[in-house]
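Architecture at a glance
The lines below spell out each chain.
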Amino acid sequence: MNNLKTHKYSIIYLTIAYLIPFIIQAVLFGYQVSKGIVSIWNIMSVVMIIFLYGFAFKRVRHANINGEERIERRKEDFEKVKQELSKKVTKKTRIIVFLVAVAAAGLSVLFHHLYATKTEGLELVNSKVVDQWGETTVVTEETDEGIEQTESDYIEVSVEYEFNGETKGAVIKATTTNKIYVDELKIFVDAEGKFVADYGRLAVWKFESIAFFSFACFMLLCAILGLGTEFIGGAAFMVIGTAFMFIVASPLFENFLFNDMTCFTLLFANVGVCLILTGLLCLIFGKYAVYGLYNTDLEYVPTEPVEDMYYNNAQGSHSNDIIELCCDNCGEPIGENDKFCGNCGKKLND
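Because the structure is a prediction, the values reported are computed rather than measured.

So, how was this worked out
- Residues numbered from 1 in each chain as written.
- Predicted model: local features only at pLDDT ≥ 70, side-chain atom pairs only at ≥ 80, totals over all residues.
- Heavy atoms only, no water.
- Helix = DSSP H or I, 4+ residues; strand = E, 2+ residues; numbered from the N terminus.
- Buried < 20%, exposed > 50% of the residue type's maximum accessible area, 1.4 Å probe, protein only.
- Expected span 1.5 Å × (residues − 1).
- Contact = heavy atoms within 4.5 Å.
- Pairing = 2+ DSSP bridges.
- Axes fitted to C-alpha atoms, helices over the stretch in contact; angles between N-to-C directions.
- Phe/Tyr/Trp six-rings, centres within 6.5 Å; stacked < 30°, edge-to-face > 60°.
- Core = buried A, V, L, I, M, F, W, Y, C linked by side-chain atoms within 4.5 Å.
- Polar contact = N/O pair within 3.5 Å; in protein donor to acceptor, adjacent residues only side chain to side chain.

Some points on unusual backbone geometry
Both trends apply: most residues other than glycine have a negative phi, and most peptide bonds are in trans. In the Ramachandran plot, N164 falls in the positive-phi region, its phi being about 55° despite a non-glycine side chain. Along the polypeptide, N164 turns up in the loop between strand 2 (146–163) and strand 3 (166–174). With a phi close to 55°, L252 is a non-glycine residue in the positive phi region. With respect to the secondary-structure elements, L252 resides in the loop between helix 6 (229–249) and helix 7 (260–285). L252 gets classed as buried once you look at its relative accessible area, which sits at 2%.

Following this line, the structure appears as structure tokens:
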């Protein structure tokens, strides 16, 4: 076994899986910065995705180096590791994933019905932004833990639109931003041309319906093909991130790309993208190549050659020195009756 090669490959594949989500996140962040939109939310999104990569890099590197030392002492454990990493999704898990797909499909139908009901009899027209006013309110409160500040945005947008040759006006209020960067907004009006709602607040049900329908199809595919936890977890993160993204950005939807909260909620969807890419790499190259020795459980390794161990047993030696118990998280030696690892603090398996 070429340990150095395995370690190298696992880091390369980890980097590939994180690179595409990072590019997506960085492009939106860069676009918002170019428009002068900088806040704690879009800055945090980029910092968090870099942090997640650094954390995963450190964990994989540490686990690989530690695990390589342990496997070098007992070569046959290598085959055990490969078998553990190649386990298929169980039948029970497939059934659970299938039920999740059915539930997601049901939500998709419900959201589509809500959209159809709420927009029935309404007409979608274009309106022109003629004025806007917004503010960010900061509320300071004293608590037992100290002084806390809470920020909240508010905006009022005045628009004009044509209906049956007549110019009409309306005011759209929202609490997801204090400024918009677009000149036109789509709005829903009734049969008499009266303003009902801006496009996003009703269309969000359609967007959620599409998101959950896509999630249901993907979960069904996972159940049929027995795809692993990377695909299932990735799809869950993607649908959660996408659902929140549309909810947050639905008011004044045309301002979608200029909303700093859009950048923040995109982070969760990008975590899902990363997990799915990791799953694809595992399918192509194998889990051992992608993860190396990460997350493998080798509960013990011998402290002397196997031949000597059998010889000592034949001589009636039952010394505890024959087998050294090790923590399955960090690999450090542990006592036979220890409940927690003295090095990393992890609770030990019985």
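A closer look at helix 6
Compared with the 30 Å implied by 1.5 Å per residue over 21 residues, the 30 Å span of helix 6 between its first and last C-alpha is a close match. Every buried residue belonging to helix 6 is among E230, F231, G234, A235, V239, G241, T242, A243, M245, F246, V248 and A249, and all of these are buried. Tucked inside the fold, the buried residues of helix 6 contact helix 5 (199–225), helix 7 and helix 8 (287–291).

What to know about the sheet that holds strand 2
In space, the five strands of this open sheet follow the order 3-2-1-4-5, with antiparallel pairing throughout. Every interior strand has two partners, whereas the edge strands, strand 3 and strand 5 (195–198), have only one. Strand-to-strand twist across the sheet, computed as the mean angle between neighbouring axes with direction ignored, equals 40°. Where strand 2 meets strand 3, nine bridges bridge the pair, whose relative direction is antiparallel. When the sheet's bridge partners are listed, I155 is paired in strand 3 with A174.

Describing the packing of aromatic side chains
Summed over the entire model, instances satisfying the criterion amount to 19 aromatic pairs. Relative to Y53, the ring of Y18 has its centre 5.4 Å away and its plane inclined at 65°; by these criteria the two rings are edge-to-face. Placement of Y18 in helix 1 (residues 3–34) and of Y53 in helix 2 (residues 40–72) is noted, with a sequence separation of 35 residues between them. Classification of Y18 by relative accessible area gives buried; the value is 16%. Classification of Y53 by relative accessible area gives partly exposed; the value is 24%. Relative to Y199, the ring of F188 has its centre 6.1 Å away and its plane inclined at 25°; by these criteria the two rings are stacked. Note that F188 is positioned in strand 4 (residues 184–189) and Y199 in helix 5, a separation of eleven residues in sequence. Each member of the pair, F188 as well as Y199, carries the same accessibility label: buried.

Points about the nonpolar core
Membership of the largest hydrophobic core comes to 18 residues, with the highest contact counts inside it found for V157, V159, Y161, I172, I180, L185 and L252. Those elements giving two or more residues to this core turn out to be strand 1 (123–143), strand 2, strand 3 and strand 4. Among the elements that make up this core, the one with the highest residue count is strand 2 (five residues). When near neighbours in sequence (up to four residues on either side) are disregarded, V157 contacts V129, D131, Q132, A170, V171, I172, I180, L185 and L252. One finds A197, V204, L266 and A269 within the second-largest nonpolar core, a separate group that totals 17 residues.

Observations regarding the side chain of S39
Its place among the elements puts S39 in the loop between helix 1 and helix 2. At 2.5 Å, the side chain of S39 forms a polar contact with the side chain of D260.

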